[in-house]
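Here's the letter readout for the chains.
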Amino acid sequence: MHEIKSAGLKGLGVFAKTFIPRGTRIFSEAPLLAISPGQNAGDIYSASRSLSSDDRRRFLGLSTHVTNELKIMRWSQAVWYTLTHTLSSLFRREKGIGAMSWPNPKEHVTIISIFRNNAFNLGASSAFQQAVFPKISRINHSCVPNAQGNFHDELGRFNIHATRDIETGEELTLNYLQELGAAREVRQERLMSGYGFSCECTACDMSSSKGRDSEKRRVKMHEELAKYVEEVAGGSVQSSEAELEAVQRFIRLLEGERIAGRELSSLYLEAAKLNEGHGKLKEALHCAERGLEIDRDCLGIDHPLYQNSLKAVDDLRRLQ
Ligand SMILES: [Zn+2]
């Protein structure tokens, strides 16, 4: 269904070998290296030292981008790790427990840089906070992605789903950025400082009318979000009518951009709750069903979050 091959200046990329319908689980992968909430750079390095030689080679083959500022911070973390682990190792040898094992600060910096550059945030509800998936890391970024990854805790795997139909030969893309609706300049700055590349997706291409229209919509979405947050903070927006209106506007803007996935389903499910609060049960059910459909596409029916959405729809159906 898919293959890894050259994506030009971007390096490697993942491409559809056949037509992939929306909602398809394209592939899934178990984490190669992961940290739990509360763990730090030292834990990442320690975990990396127990990788098999094959897994280590796969990990070291991933891309890395480090700014000077980050390099300085990571070297200080590496030196600290080396110092504390060398001391504890010496102490253990003195006591006759264990052999000396020398951490390597240069290797420490490389491991942490690759991890930070490639790790996915798995969300607060997951057993892992961040994890690296070597094959998924080959999927390049787009500000208008055609796929989304979500971690399935029970399966222990990160599943990649098509959020819209993907044509044969089309490159699979994910959104690397957390914030939705940021203007092109902001996205480019974050991608350059975080990953070391500038995006050339259709939403970033200002030479086309498609790119310019997309930019207008995103700037508008960003302005509306900022205005809404300001109004809420200032206490001028209290009614849930206004909240519903804001949620609906974001839905329209995301759909205008053809952005699907969890962000959109969450908005629909929020709109369902607000409609229900106003006694608009028909509208509430319509929004919840749309949210469920999007969750089915981006999560799959075996995902616990899909099951939550299904329950919300069932509850609303009973109320009709
Ligand atoms: Zn872009």
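Not measured: the values here are computed from a predicted model.

> Tell me about the overall build of the protein chain, residues and numbers included.
Of regular secondary structure, the protein chain possesses 10 helices and 10 strands. The buried share among the 320 residues of the protein chain stands at 41%. Here the protein chain has roughly 16,800 Å² of accessible surface; of this, 53% comes from carbon and sulfur atoms.

> Tell me about the sheet that holds strand β6 (residues 130–132), and name the residues and values.
Strand order in the open sheet formed by three strands is β4-β6-β5, and the pairing between neighbours is antiparallel. Edge positions in the open sheet fall to β4 (33–35) and β5 (120–121), since each of these has one partner strand only. Looking at chain direction, β5 and β6 are connected through two bridges and run antiparallel. Bridging across to β6, F120 finds its partner in A131.

> Run through the sheet that holds strand β3 (residues 25–29), naming residues and quoting values.
Hydrogen bonds along the backbone pair up the strands of a sheet, which may run parallel or antiparallel. Spatial ordering of the open sheet is given by β3-β9-β8, a layout of three strands whose pairing is antiparallel. Unpaired on one side and paired on the other, β3 and β8 (147–152) mark the two borders of the sheet. Across the sheet, the mean angle from the axis of one strand to that of its neighbour is 20°, orientation sign disregarded.

> Describe the coordination of the zinc ion, naming the residues involved and giving the relevant values.
For a metal with four tetrahedral donors the ideal donor-metal-donor angle is 109.5 degrees, whereas six octahedral donors ideally subtend 90 or 180 degrees. Around the zinc ion, the protein supplies C143 (SG), C199 (SG), C201 (SG) and C204 (SG) as donor atoms, at distances of 2.3 to 2.4 Å. Of note is the zinc ion, whose four donor atoms meet at the metal with angles of 102 to 115° in an arrangement that counts as tetrahedral. Counting the intervening residues between successive donors of the zinc ion yields the motif C-x55-C-x1-C-x2-C. We note that C199, like C204, is buried.

> Provide a residue-level description of the pairing of strand β2 (residues 12–16), including the pertinent values.
Buried residues dominate β2, accounting for four of its five residues. Strand direction decides the pairing type here: strand β1 (residues 2–6) and β2, joined by five bridges, are antiparallel. When the sheet's bridge partners are listed, I4 is paired in β2 with V14. What sits between the antiparallel neighbours β1 and β2 is a turn of five residues, in which G8 has the positive phi angle 70°.

> Can you lay out the side chain of S265 for me, pointing to particular residues and giving the numbers?
With respect to the helices, strands and loops of the structure, S265 is situated in helix α8 (residues 262–277). Only 3.1 Å separates the side chain of S265 from the backbone oxygen of R262, close enough to count as a polar contact. In contact with S265, other than residues within four places in its own chain, are G291, I294 and D295.

> Run through the environment of E224, naming residues and quoting values.
Examined against the element boundaries, E224 turns out to sit in helix α6 (residues 209–234). Distance in space between the C-alpha atoms of E224 and A246 is 8.0 Å, their sequence separation being 22 residues. Those residues in contact with E224, other than ones at most four positions away along the chain, are R249, F250 and L253.

> Help me get a handle on unusual backbone geometry, residues and values and all.
At R258, a position not held by glycine, the phi torsion is positive, near 60°. Tracing the backbone shows R258 in the loop between α7 (240–256) and α8.

> Which residues make up the packing of aromatic side chains, and what values do they have?
The full count for this structure, using the stated rule, is eight aromatic pairs. Ring centres of F128 and F151 lie 6.0 Å apart, and the angle between their planes is 65°; on these two criteria the pair is classed as edge-to-face. Taken together, the residues span a long stretch of sequence, with F128 in the loop between β5 and β6 and F151 in strand β8 at a distance of 23 residues. For F151, a relative accessible area of 9% corresponds to the buried category.

Rules used throughout
Residues numbered from 1 in each chain as written. Predicted model: local features only at pLDDT ≥ 70, side-chain atom pairs only at ≥ 80, totals over all residues. Heavy atoms only, no water. Helix = DSSP H or I, 4+ residues; strand = E, 2+ residues; numbered from the N terminus. Buried < 20%, exposed > 50% of the residue type's maximum accessible area, 1.4 Å probe, protein only. Areas by Shrake-Rupley, 256 points an atom, 1.4 Å probe, with all protein chains shown as cover. Pairing = 2+ DSSP bridges. Axes fitted to C-alpha atoms, helices over the stretch in contact; angles between N-to-C directions. Donors = N, O, S within 2.8 Å, 3.2 Å for Na, K, Ca; no water. Tetrahedral: all angles 85-135°; square planar, octahedral: opposite > 155°, others 65-115°. Polar contact = N/O pair within 3.5 Å; in protein donor to acceptor, adjacent residues only side chain to side chain. Contact = heavy atoms within 4.5 Å. Phe/Tyr/Trp six-rings, centres within 6.5 Å; stacked < 30°, edge-to-face > 60°.

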